[in-house]
Amino acid sequence: MRKIPLTPRPPLPQGERGSKKDNLLAPLPLRERGWGEGYKQALLALLLLIHGAAIADTFGYPLEPQQIAPDTYVLEGKTEDFSRKNGGYIVNTGYIITADGVVVIDSGPSKRFGEQQRTLIEKATGKPVIRLYLTHHHPDHFLGNQAYGEIPRYALPASKQAMQLEGEAFTANMYRMTGDWMRGTSITLPDKEAKAGTETVGGHQLETIALSGHTPGDLALFDHTTGILFAGDLVFNNRAATTPHANIAAWLTALEKLQSLPLKMIVPGHGKVAQDKAPIEQTRDYLQWLSATLKQGAANGLDMNEVMQTPIPERFKAVALAHSELQRSVSHLYPALETDSLKPAKQAE
Ligand SMILES: [Zn+2]
């Protein structure tokens, strides 16, 4: 039988490093041993993988409150697609500190996000959250609701209905795209109906504006006290608009309404906060270009792949994800347009 030493071996004296086997943490003398580039690359990949796993293990979202007005803060997400690296933090959420407590706008992409967001807000403000507004039914805006289980959660009826209908599929899809960041996430629906109108909450005059176009139920929240508009995804800033549930005509009408507000600052659903109405104008311009491109393509009998290859105009070069969102928009919106453009021909047969 092999004898197992009971006492640990004494540490090696300085300068004498023992055999290579004993020094697992010492840098490997790759050259000396004549190991090739392939091995080095594999080792590097492994180290990067370990490093990545170490970051992901903590599942901490990099939440940094940005003050944009008295009592008003934004947590700004990246203008990226969902990934295992960003955990779905590609969305802007915000909060308003009132005399009665904190009003939160959107709960983010996951249970973990909602929990971290609420903890941060209550710690930073020393006040409880008293209500949550949900701008629309897209997963990055409401899957953090679980963290607000006992808090009144407001949404437009159309938004709640869509969450009920599509929430499960959204959650599954988010798991697929962001992985373990989503652990434990399930659907918590809004429990209050947001009604269009103005209400004073803890000294802030808040107007709920009921719109549609990005989705069937888009809620914008305008704080008349500070002039800040939380526009949800009706407004994107230097990030291409997403259109899986879009009605572009209704969306353009909604933008006209937002344009008419006496606002000082806009918090878009995605992209940087702006001190002017430029993001409204950019979103309008982009949607009009998109709509014209699709209609033109259908009129010319182009197939989907051809329309997807449409070059992005120079003025949208700074718009993140313009090319990939065009491809998605074609797949969402083009089939209906193609059908429309075929109708007269079919009727003529
Ligand atoms: Zn959205």
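My aim in this report is to walk through the structure given alongside it, one point at a time. (Residues numbered from 1 in each chain as written. Predicted model: local features only at pLDDT ≥ 70, side-chain atom pairs only at ≥ 80, totals over all residues.)

### Overview of the overall build of the protein chain
As a reminder, the rule being used: For helices the rule is a DSSP run of H or I covering at least 4 residues; for strands it is a run of E covering at least 2, with both sets numbered from the N terminus onward. Here the C-beta atoms are placed from the backbone, and a residue counts as buried if at least 20 other C-beta atoms lie within 10 Å of its own, exposed if 12 or fewer do, and partly exposed otherwise. Note on contacts: each residue gets a C-beta atom placed from the backbone, and two residues are in contact if those atoms are within 7 Å.
The helix and strand tally for the protein chain stands at nine helices and 12 strands. Here the protein chain holds 349 residues, and 40% of them are scored as buried. At a minimum sequence separation of 6, the contacts of the protein chain that also span at least 24 residues come to 67%.

### Brief notes about helix α6 (residues 248–259)
Under the convention used in this document: A helix's residues, less one, multiplied by 1.5 Å, set its expected span. By definition, the arc is the one covered by directions from the helix axis to the C-beta atoms.
Spanning 12 residues, α6 covers 16 Å between terminal C-alpha atoms, matching the ideal 16 Å at 1.5 Å per step. Looking only at α6, the buried set comprises Trp-251, Ala-254, Leu-255 and Leu-258. The buried residues of α6 all sit within an arc of 105 degrees when viewed along its axis, so they share a single face. The outward face of α6, more than 90 degrees from its buried face, is lined by the exposed residues Ala-249 and Glu-256. Of the surrounding elements, those touching the buried residues of α6 are β9 (204–211), β10 (218–223), β11 (228–236) and α7 (278–299).

### Some details on the sheet that holds strand β4 (residues 101–105)
Heads up, the condition is: DSSP calls a pair of strands paired once it identifies at least 2 bridges connecting them.
Taken in spatial order, the seven strands line up as β1-β2-β3-β4-β5-β6-β7 in an open sheet, and their pairing is mixed. Edge positions in the open sheet fall to β1 (66–69) and β7 (192–193), since each of these has one partner strand only. Examined bridge by bridge, strand β3 (residues 93–98) and β4 share five bridges and lie antiparallel to one another. Each residue of the ladder has a partner; that of Tyr-95, found in β4, is Val-104.

### A word on the pairing of β4
Note the following rule: Handedness of a crossover: with both strands directed away from the viewer, a clockwise path from the first strand across the helix to the second marks it as right-handed.
Counting buried residues in β4 gives four out of five residues, a clear majority hidden from the surface. Linking two consecutive strands that pair antiparallel, namely β3 and β4, is a turn of two residues. One ladder, built from four bridges, connects β4 with strand β5 (residues 129–133); its direction is parallel. Bridged to Val-104 within β5 is Leu-132. A crossover links β4 with its parallel partner β5, the connecting element being helix α3 (residues 111–125), and its sense is right-handed.

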